[in-house]
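# Residue-level structural notes
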Amino acid sequence: MKYISTRGNAPKLAFDDVLLTGLAHDGGLYLPETWPQFSTAQLADMKTMSYVDLAVTVMLPFVDEVISRDELHQIIKDTYGVFVGDDIAPLVKLGDNEFVLELFHGPTLAFKDFALQFLGRIFDHVLAKRKTKLTIVGATSGDTGSAAIEACRDRDNIEIFILHPSGKVSDVQRRQMTTVLSDNVHNIALTGNFDDCQNTVKGLFADEAFRDAVNLGAVNSINWVRIMAQMVYYFWAGLKAGAPETAVAFSVPTGNFGNVFAGYAAKQMGLPISQFVIGSNANDILIRFIETGRMQSKEVFATSSPSMDIQISSNFERFMFELLGRDSSALNNAMQEFKDSGHFSVTDAFMARLKDVMDGERFDDAAAAKLIGDTYKDYHYLIDTHSAIGIGAARARRWDKNIPMVCLATAHPAKFPDAVKAASGIYPELPSHLSDLYEREEKYCELPGNFDAVKGHIETTLQERGKL
Ligand SMILES: *Cc1c(COP(=O)(O)O)cnc(C)c1O
């Protein structure tokens, strides 16, 4: 399998190069040259597979020539071995023909573990084969840092440095990062705010000599491998809910569009999905797009579902490329317009194709809180602020009540305990593997919000670790 860029101006790459490259050199995102196809008979055979065997079957066509079936099987077994419970992704029945897919049983209690736990291990595998090492540097406002750290901890060929604004992330968020004591994990509490952290990281990537010396990398949200790992649970849930004999629908609380695009990829590969519903909070750029056919960014609002507080959905480019019949020049025109003017519009024909598979709804914090309260009252089932928006969107927008609707629960309620408590009256407890989080030892260093201080600290640390 070879990979092409959505912008049509970058070389075709093999799987391992796509993994390490992230963004294509023409500014585009990588996609497989063709979608592997699964027949109805093959889908029926997958129904009885374990999560690990299903993941091997779905992902192998994307990595063959670079990673063998045995190697892939070992990596996937290790990846999902750290999840709690045998089911990996339990499907829970809620209402009539309505299901919740629990994607929060990984180490950091959010669905991003499905992709990042896999990404960390496959990075390490490819780096070892190539005999190279990588230094990951990232900034976090609280949420993504812990998923990246858990993904990279104890990997032989990766050192990871995560900057967070000192005193400005919640105790749970800080502790999920700083109580990882692995030698290759380095937390930095920076004096300043999140923008100061992000600007420092941008400065490091712009410093070419430094970037090359330490082989700087990012655990990028647009990396193809994250989409690839996320496709698996659409097959898993779809088959449990009745496919391939019946079509299924999915509802996804959406930010960067990576999660829902993975579902669209599963549909392209043969899984019969009749509808996607996307849910947004007050940051509703995608809902406005569905309503008007015009993509226009606005300022970002802080909401009770912070992982969806985004201005632009970067993975939407992949979906657009598909709906444009893979026409790179039409895509380039839209992206150029967006860059120049902050907006672009699409044709009526494009919108008709989009509305054939997708619908969406927005919920403000009060509406999300009501959904959490009602779901607890009606079903004695606790959901988090993000999952609530997906469930609400499914109910508001489903086209056919006879088709099973699977709502993706993207975070554990205990990840956002205050909002969940306020909405339901119930304080969600952390699962047992994290219940001693507040007693654990922390390891991090405080640095001034100063580029040279951070750069010097990273160089010294790498030297002490014998990595520079
Ligand atoms: C990242 C995240 C989302 C949004 O997912 P995208 O792939 O960016 O659309 C939704 N919910 C939670 C809990 C998240 O962490």
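Described in the following lines is the structure provided in the data block.

## Looking at the overall build of the protein
When you go through the protein residue by residue, the secondary structure sums to 19 helices and 15 strands. What you see for the protein is a C-alpha radius of gyration of 21 Å, in line with the 23 Å of a compact globule of 468 residues. The principal-axis extent of the C-alpha atoms belonging to the protein is close to 60 × 55 × 50 Å. Residue burial in the protein is summarised as follows: out of 468 residues, 58% are buried. Restricting to contacts in the protein with at least 6 residues of sequence separation, those with at least 24 account for 76%. Counting every atom, the protein has about 18,400 Å² of accessible surface; 48% of that belongs to carbon and sulfur. Within the protein, one finds 45 positive and 60 negative side-chain charges whose respective centroids are separated by 2 Å.

## A look at the site of the ligand
The local shell around the ligand holds 14 residues, among which Lys-112, Gly-255, Asn-256, Asn-259 and Thr-410 are the closest. For the ligand, an oxygen atom lies 2.7 Å from a polar atom in the backbone of Gly-255. A distance of 3.4 Å is found between an oxygen atom of the ligand and a side-chain nitrogen or oxygen belonging to Ser-307. For the ligand, whose unbound accessible area comes to 390 Å², protein coverage reaches 95%. Split into classes, the residues belonging to the shell around the ligand amount to five nonpolar, eight polar and one charged.

## Considering the packing of helix 3 (residues 51–63) against helix 4 (residues 69–81)
Relative orientation of the contacting elements helix 3 and helix 4 amounts to 135°, with a least axis distance of 9 Å. By the angle class used here, helix 3 and helix 4 are oblique. Viewed along their axes, helix 3 and helix 4 form a crossing whose handedness is right-handed. The residues of helix 4 that touch helix 3, namely those facing Tyr-51, Val-52, Asp-53, Ala-55, Val-56, Met-59, Leu-60 and Val-63, are Arg-69, Leu-72, His-73, Ile-76, Lys-77 and Tyr-80. In terms of residue class, the contact of helix 3 with helix 4 is built from ten nonpolar, one polar and three charged.

## Topic: the pattern of salt bridges
Close approach of charged atoms lets side chains of opposite charge pair. Enumeration according to the criterion identifies 24 salt bridges in this entry. Measuring nitrogen to oxygen at the nearest pair gives 3.8 Å for the salt bridge that ties Lys-467 to Glu-159. Note that Lys-467 is positioned in the segment after helix 19 (451–464) and Glu-159 in strand 6 (residues 158–165), a separation of 308 residues in sequence. Take Glu-159: its relative accessible area is 3%, and that puts it in the buried class. Between Arg-397 and Glu-361 there is a salt bridge, with the nearest N and O atoms lying 3.1 Å from each other. With a gap of 36 residues between them, Arg-397 in helix 17 (residues 385–397) and Glu-361 in strand 13 (residues 358–362) connect regions that are remote in the sequence. Among the charged side chains, a salt-bridge network with shared partners connects Asp-171, Arg-174, Arg-175 and Glu-442.

What counts and how
Residues numbered from 1 in each chain as written. Predicted model: local features only at pLDDT ≥ 70, side-chain atom pairs only at ≥ 80, totals over all residues. Heavy atoms only, no water. Helix = DSSP H or I, 4+ residues; strand = E, 2+ residues; numbered from the N terminus. Rg over C-alpha atoms; globule rule 2.2 N^0.38 Å. Buried < 20%, exposed > 50% of the residue type's maximum accessible area, 1.4 Å probe, protein only. Contact = heavy atoms within 4.5 Å. Areas by Shrake-Rupley, 256 points an atom, 1.4 Å probe, with all protein chains shown as cover. Lys, Arg positive; Asp, Glu negative; His and termini not counted. Charge placed at Lys NZ, Arg CZ, Asp CG, Glu CD. Near = heavy atom within 4 Å. Polar contact = N/O pair within 3.5 Å; in protein donor to acceptor, adjacent residues only side chain to side chain. Nonpolar A, V, L, I, M, F, W, Y, C, P; charged D, E, K, R; others polar. Axes fitted to C-alpha atoms, helices over the stretch in contact; angles between N-to-C directions. Parallel < 35°, antiparallel > 145°, perpendicular 65-115°, else oblique. Left-handed = near helix turned anticlockwise from the far one by under 90°. Salt bridge = Lys/Arg side-chain N within 4 Å of Asp/Glu carboxyl O.

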